[in-house]
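# Coordinate inspection notes
As a plain string of letters, each chain reads:
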Amino acid sequence: MLAKQLSIFLENKSGRLTEVTDILGKAGVNLSAMSIAENSDFGILRCIVSDPDKAYQVLKENRFAVKVTDIIGFQCPNTSGSLALVLKRLSEKGVFIEYMYSFANGDKANVVIRPTNLEECDRILSEMKVELIAANDLYKL
């Protein structure tokens, strides 16, 4: 099941993350999950939001460099080795994961991945009977 994720490019300076969260908050867009990767010059804020289209629009209006990408969300047991089993199968089938972030919630772990081949990844996860997270559910986590 595919969902939309925002990737927002931020200069490495104080207050930029605050600006993004303030803009989204004022627009009534809730952040469900986020991850920041950075280097010396800029960071990339990847986030799942309640309304990706609206978030994209308001960030563009405020002159942020932002793009929307498709991702896959799934759940696995929050136990040792559970994620490794899923990732191993994907790797064996030639699916490369560009990036991933996850967060545990009780006995389940929620995982967001950006594979190089979305359709193949979705097919393999379904074949494995991995619990995929529907986009609408992911946006509300």
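Residues numbered from 1 in each chain as written. Predicted model: local features only at pLDDT ≥ 70, side-chain atom pairs only at ≥ 80, totals over all residues. Heavy atoms only, no water.

## Overview of the side chain of Arg-46
The condition is simple: Here a helix means four or more residues in a row that DSSP labels H or I, a strand means two or more in a row labelled E, and each is numbered from the N terminus. Only protein chains enter the accessibility calculation, which uses a 1.4 Å probe; a residue is then buried when its area is under 20% of its type maximum, exposed when over 50%, and partly exposed in between. The convention is simple: Lys and Arg are positive, Asp and Glu are negative, and His and the chain ends are not counted. Definition used for salt bridges: Asp or Glu carboxyl oxygen within 4 Å of a side-chain nitrogen of Lys or Arg. For this analysis, residues touch if any pair of their heavy atoms sits within 4.5 Å.
Assignment of secondary structure puts Arg-46 in strand E3 (residues 42–49). Despite its burial, Arg-46 pairs with no opposite charge; the closest candidate is Glu-98, at 6.5 Å N-O. For Arg-46, the contacting residues outside a window of four places in its chain are Gln-5, Leu-6, Ser-7, Ala-33, Met-34, Ser-35, Ala-37, Tyr-99 and Tyr-101.

## What about the nonpolar core?
As a reminder, the rule being used: Nine residue types can take part in a nonpolar core, namely buried Ala, Val, Leu, Ile, Met, Phe, Trp, Tyr and Cys, and a core is a set of them joined through side-chain atoms within 4.5 Å.
Grouped together as the largest cluster of nonpolar side chains are 16 residues, with contacts concentrated most on Leu-6, Ile-8, Val-20, Leu-24, Val-49, Leu-59 and Phe-64. Counting residues per element, the ones that place at least two in this core are strand E1 (2–11), helix H1 (16–26), E3 and helix H2 (52–61). Contacts of Val-49, omitting those with residues within four sequence positions, involve Leu-6, Leu-24, Val-29, Asn-30, Leu-31, Ser-32, Ala-55 and Tyr-139. Of all hydrophobic cores here, the second largest spans 14 residues; its members include Ile-72, Cys-76, Val-111 and Ile-113.

## Focus: unusual backbone geometry
Positioned with a positive phi, Arg-63 is a non-glycine residue whose angle comes to about 65°. Structurally, the position occupied by Arg-63 is in the loop between H2 and strand E4 (65–77). For Lys-129, which is not glycine, the phi torsion reads 65° and is therefore positive.

## Re the packing of aromatic side chains
Each aromatic ring pair is specified by the distance between its two centres and by the angle formed by the two planes. We apply this condition: Pairing of aromatic side chains here covers Phe, Tyr and the six-membered ring of Trp, requires ring centres within 6.5 Å, and sorts the geometry by plane angle: under 30 degrees stacked, over 60 edge-to-face, intermediate tilted. Look at NZ for Lys and CZ for Arg. If either is within 6 Å of the ring centre and within 35 degrees of the ring normal, a charge sits over the ring.
Under the definition given, this model contains zero aromatic pairs. Over the ring of Tyr-99 we find Arg-46, and its NZ or CZ is 3.6 Å from the ring centre.

## Details of the environment of Val-111
The topology assignment puts Val-111 in strand E6 (residues 108–115). For Val-111, a relative accessible area of 1% gives the class buried. Along the chain, Val-111 and Leu-87 lie 24 residues apart, while their C-alpha atoms are 11 Å from each other. Excluding residues that lie within four positions of it along the chain, Val-111 makes contacts with Ile-72, Gly-73, Phe-74, Cys-76, Leu-83, Met-100, Tyr-101 and Ser-102.

## Regarding the pairing of E3
Stated precisely, the cut-off is as follows: Two strands are counted as paired when DSSP detects at least two bridges linking them.
In terms of burial, E3 is largely enclosed, as seven of its eight residues are buried. In this sheet, E3 lies alongside strand E2 (residues 31–38) in antiparallel orientation, the contact comprising seven bridges. In the strand pairing of E3, Glu-38 is matched with Gly-43. What sits between the antiparallel neighbours E2 and E3 is a turn of three residues.

## Remarks on the pattern of salt bridges
Evaluation of the coordinates by the stated rule reveals nine salt bridges. Asp-22 is the partner of Lys-26 in a salt bridge, and the nearest nitrogen-oxygen pair spans 3.1 Å. Placement of the pair is Lys-26 and Asp-22 together in helix H1, with a separation of four residues, close to one helical turn. The class of Lys-26 is exposed, set by a relative accessible area of 68%. Here Glu-127 ties to Arg-89 by a salt bridge, and the two come within 4.0 Å at their closest N and O atoms. Here Arg-89 lies in helix H3 (residues 82–92) and Glu-127 lies in helix H4 (residues 118–127), a separation of 38 residues in the sequence. Salt bridges here are not isolated pairs; linked through shared partners, they connect Arg-89, Glu-120, Arg-123 and Glu-127.

## Topic: the state of the cysteines
Rules: Only a pair of cysteine sulfur atoms within 2.5 Å qualifies as a disulfide here.
Under the defined criterion, the tally for this structure stands at zero disulfides. Free cysteine: Cys-76, not disulfide-bonded; nearest cysteine sulfur from Cys-121 at 13 Å. By relative accessible area, which is 6% here, Cys-76 ends up buried. We classify Cys-121 as buried; its relative accessible area is 0%.

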